[in-house]
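# Reading the structure
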Amino acid sequence: MNNDLKQVHRSESEKENFKETRNNKTGGSLNHNDNETSKNRNSQDEMKYHVHIIGSSIVKELVPNRIYRNTRVTTLNDKTIEGALDFANSGKLQGKHIVYQIGSNESDEKKSDEVLEEIEALIDATNNVLKNPSITIGEVLPRFYHNSEKSKCFKEKMQMYNILLKDYCKEKGIDVIRYNMHFSNMYDGIHLNKSGINQFVRCMNEVMNPILGIVYADKTDTNIRKNTPVYSKNVGQQQFGYNDSKDQQRSGYKENRGQYNENRGQYNENRGQYNTGYNNNNNNNNRGQ
């Protein structure tokens, strides 16, 4: 019995010695090791996605793998700059290239310089959370309300904010995505329809492709890239190519249909002449009889 107790105590003692030995080898306590593991895990998570797009409901219809590979799109629950700031500080930012599409809701309610101050705080937080991130910001999109005065007021605020944003980003070395949206690109005057999404992605690609090292040499060689992982073709170009082809088909159809109508008119004209000649011959024969 005593031998059994000694063996149990010796076993417990060996366990404690093993813990101490492990701590000494790693150069710290178990808590220190856990922190290091957490840091490594966060570092791996940061590189899990190469491009991370964060925004309001404007981005909710984007399909990540149809923009670039290893892309994540986050539609914020709190669709404001403050919501984006909370998201950044929560440690959920993932990726080397961060794209923000935010600020429309604030531009509808606040002064342009106040909105820009919130953007500056968001950029500072992003730089603090991630190590040397590439940050790109999309300008505020237009809104088309039923009330014309409200639409006019928002347009003035939007234009002023976009000018301030452009100047700030130029000073900080941040790229800005500029859009050319119209009412026809939105299904309710605010959110993007299919054509609006294609336009949105195309404008994003124009800015992001050079940053990612994606180069289009010519039409036959559409995916020559430098120093970056392999990405998929951008959906905007695919969609517009589809539309171009479809338009050409429609144009050819209309042209052929016009030619058909012209030929049909010529046929009717010839038929009329035939009927006239036939009737004249019948009249002459009747008179001869």
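Our structure's up above, just so we're on the same page.
So, a few notes on the structure that sits alongside this text. (Residues numbered from 1 in each chain as written. Predicted model: local features only at pLDDT ≥ 70, side-chain atom pairs only at ≥ 80, totals over all residues. Heavy atoms only, no water.)

### Observations regarding helix 6 (residues 148-172)
For the record, the criterion: Put simply, DSSP H or I for four residues or longer makes a helix, DSSP E for two residues or longer makes a strand, and each gets a number counted from the N terminus. Any helix carries an expected span of 1.5 Å times its number of residues minus one. Only protein chains enter the accessibility calculation, which uses a 1.4 Å probe; a residue is then buried when its area is under 20% of its type maximum, exposed when over 50%, and partly exposed in between. Pairs of residues are marked as contacts when any of their non-hydrogen atoms sit within 4.5 Å. We call two N or O atoms a polar contact when they sit within 3.5 Å, provided that within protein one can donate a hydrogen and the other can accept it, with sequence-adjacent residues counted only if both atoms are side-chain atoms.
The first and last C-alpha atoms of helix 6 sit 36 Å apart over 25 residues, in line with the 36 Å expected at 1.5 Å per residue. Along helix 6, the residues that are buried comprise S151, F154, M158, Y161, N162, L165, Y168 and C169. Buried residues in helix 6 make contact with helix 4 (104-107), helix 5 (112-129), strand 4 (134-138) and strand 5 (175-177). Its side-chain oxygen placed 2.9 Å from the backbone nitrogen of E149, N147 serves as the N-cap of helix 6. Downstream of helix 6 by a residue or two, G173 has a phi angle that is positive, lying close to 75°.

### Re the sheet that holds strand 4
Rules: When DSSP finds at least two bridges between two strands, those strands are taken to pair. As a rule, the C-alpha atoms of each element are fitted with a line to give its axis, helices using only the stretch in contact, and angles between N-to-C directions run from 0 to 180 degrees.
The strand order across the open sheet formed by five strands is 2-1-3-4-5, and the pairing between neighbours is parallel. Strands at the two margins of the open sheet, each flanked by one partner only, are strand 2 (71-75) and strand 5. Adjacent strand axes in the sheet meet at a mean angle of 20° when their direction is disregarded. Two strands pair when backbone bridges link them, and strand 1 (residues 51-55) and strand 3 (residues 97-101) are joined in this way by five bridges, in the parallel orientation. The residue bridging V51 from the neighbouring strand is H97, located in strand 3.

### Topic: the nonpolar core
We apply this condition: Put simply, a nonpolar core is a bunch of buried Ala, Val, Leu, Ile, Met, Phe, Trp, Tyr and Cys residues held in one set by side-chain atoms that sit within 4.5 Å of each other.
Formed by 27 residues in total, the largest nonpolar core has its most connected members in L93, Y100, I119 and I137. Looking at this core, the elements with two or more residues in it are helix 3 (81-89), strand 3, helix 5, strand 4 and helix 6. Tallying contributions element by element places helix 6 first for this core, with six residues. Counting 24 residues, the second largest nonpolar core, distinct from the first, contains L62, V99, I197 and M204.

### A few points about the packing of aromatic side chains
Selection rule: Pairing of aromatic rings covers Phe, Tyr and the six-membered ring of Trp, with a centre-to-centre limit of 6.5 Å; geometry is then stacked below 30 degrees between planes, edge-to-face above 60, and tilted otherwise.
The full count for this structure, using the stated rule, is three aromatic pairs. On the basis of an interplanar angle of 85° and a centroid distance of 5.8 Å, the ring pair of F144 and F183 is categorised as edge-to-face. With F144 in the loop between strand 4 and helix 6 and F183 in the loop between strand 5 and helix 7 (194-212), this pair connects stretches of sequence that are 39 residues apart. By relative accessible area, which is 29% here, F144 ends up partly exposed.

### Side note on the pattern of salt bridges
For clarity, the threshold we go by: Take a side-chain nitrogen of Lys or Arg and a carboxyl oxygen of Asp or Glu: if they are within 4 Å of each other, that pair is a salt bridge.
Considering all chains together, one arrives at three salt bridges under this definition. Between R143 and D108 there is a salt bridge, with its nearest N and O atoms 3.4 Å apart. Placement of the pair is R143 in the loop between strand 4 and helix 6 and D108 in the loop between helix 4 and helix 5, with a sequence separation of 35 residues. Given a relative accessible area of 12%, R143 falls into the buried group.

### Quick word on unusual backbone geometry
Across residues other than glycine, the phi torsion is negative in most instances, and most of the peptide bonds are trans. Backbone geometry at N70 places phi at a positive 55°, although glycine is not the residue there. Mapped onto the elements of the fold, N70 is located in the loop between strand 1 and strand 2. Of note, N132 is a non-glycine position whose phi angle comes to about 50°, a positive value. With respect to the helices, strands and loops of the structure, N132 is situated in the loop between helix 5 and strand 4.

Purely spatial values, then, with no claim about function.
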